[in-house]
Amino acid sequence: MTIIPVTGRLAAAALALSLLSGAAQAQMHGGGQGMMHHGQDGTGHDEVTMPGLRGLNATPGESADLMTMFHHFDTLYREVENLPNGIRTVTGATDPYVMDALVRHVTQMIGRVEAGDDPQIFIQSPTLDIFFARYEGLENEIEITEAGIVVTQTSDDPDLVAALHTHAAEVSDMAARGMQAVHERMMGGG
C-alpha cells in the first residue's frame, strides 16, 4: 500500500502541483458524450459544458476537474466516518482519469481552505462558507492509498464540525447521484 501523508498548506500545495501534470489529459477525458441539455424554464441549462462549475476565483483546470467528476460520477465510490470532532473520508474512482481529477480537486480545495481562498464556484454549497471564514480552526490531513484519497478534517469549533458533517453528506450525495443532487439542493429539495 502506498501512503503519501500530506499535512499543512505547503505539503498540500506541493502535492497539488505535482498532480497538475496530468490535468490536460484528465480535462480531455472529461468529455460529455451522452449528456443532455435541459431547462424547463427555457434557459437550456447545459450539462455538457456545465457553466455552473466555473467560479469567480476558480481556475479553468479546477472547473475541468469538477466537470470530469460530474460527468463520470458513476465511477466514484466513497466512505464517510463522522468523528466527534470532524470527519474521515475515503474517496476513489474506478477510472484512473477521474481518480487523477479527484486527487487534484481534493488537494487543491483543501489548500484553498487552508489559505482562506474561496474559489466561489457558482454552484458551490453555502456549507463551504464557514470553512473559508474560519479556516484557521480546521486541521487537515490527506493520504493517498490504494483504497483512495483519505481525508481527515477535525476542529475544536462545534460549528465547523457540524459543517464538516453536512458537507461530507453533500459530497457523498453528489458522488452517488451527480448533478441531480446539486439541482435538488439548489432548488431546496435536498
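Structure's up top.
Overview of the structure. (Residues numbered from 1 in each chain as written. Predicted model: local features only at pLDDT ≥ 70, side-chain atom pairs only at ≥ 80, totals over all residues. Heavy atoms only, no water.)

## Considerations on the environment of E81
No. 1: In this fold, E81 is placed in strand β2 (residues 76-83).
No. 2: A relative accessible area of 40% means that E81 is categorised as partly exposed.
No. 3: In the structure, E81 is positioned 87 residues away from A168 in sequence and 9.0 Å away in space, judged by C-alpha atoms.
No. 4: Ignoring anything within four residues of it in the chain, the contact list for E81 reads G86, I87 and R88. (Helix = DSSP H or I, 4+ residues; strand = E, 2+ residues; numbered from the N terminus. Buried < 20%, exposed > 50% of the residue type's maximum accessible area, 1.4 Å probe, protein only. Contact = heavy atoms within 4.5 Å.)

## Considering the side chain of S63
No. 1: Mapped onto the elements, S63 comes out in helix α3 (residues 60-71).
No. 2: Ignoring sequence-local partners within four residues, the contact set of S63 consists of L53, R54, G55 and A58.

## Quick look at the nonpolar core
No. 1: Core analysis: the largest hydrophobic core is formed by 23 residues, its most contacted members being L102 and I149.
No. 2: Elements represented by at least two residues in this core include exactly α3, α4 (96-115), β4 (139-145), β5 (148-154) and α7 (179-186).
No. 3: Broken down by element, this core gets its largest block of residues, seven residues, from α4.
No. 4: The residues touching L102, leaving out its near neighbours within four places in the chain, are M69, L76, T91, G92 and I149.
No. 5: Counting 11 residues, the second largest nonpolar core, distinct from the first, contains L128, L160, A163 and L164. (Core = buried A, V, L, I, M, F, W, Y, C linked by side-chain atoms within 4.5 Å.)

## Re the packing of α3 against α4
No. 1: Two elements in contact, α3 and α4, have axes separated by 9 Å at closest approach and are oriented at 130°. Overall, the two elements α3 and α4 adopt an arrangement that is oblique. Seen from above, α3 lies across α4 with left-handed handedness. Residues E62, D65, L66, T68 and M69 of α3 lie in contact with α4, whose contacting residues are Y97, V98, A101, L102, R104, H105, Q108, M109 and R112.
No. 2: In terms of residue class, the contact of α3 with α4 is built from seven nonpolar, three polar and four charged. (Axes fitted to C-alpha atoms, helices over the stretch in contact; angles between N-to-C directions. Parallel < 35°, antiparallel > 145°, perpendicular 65-115°, else oblique. Left-handed = near helix turned anticlockwise from the far one by under 90°. Nonpolar A, V, L, I, M, F, W, Y, C, P; charged D, E, K, R; others polar.)

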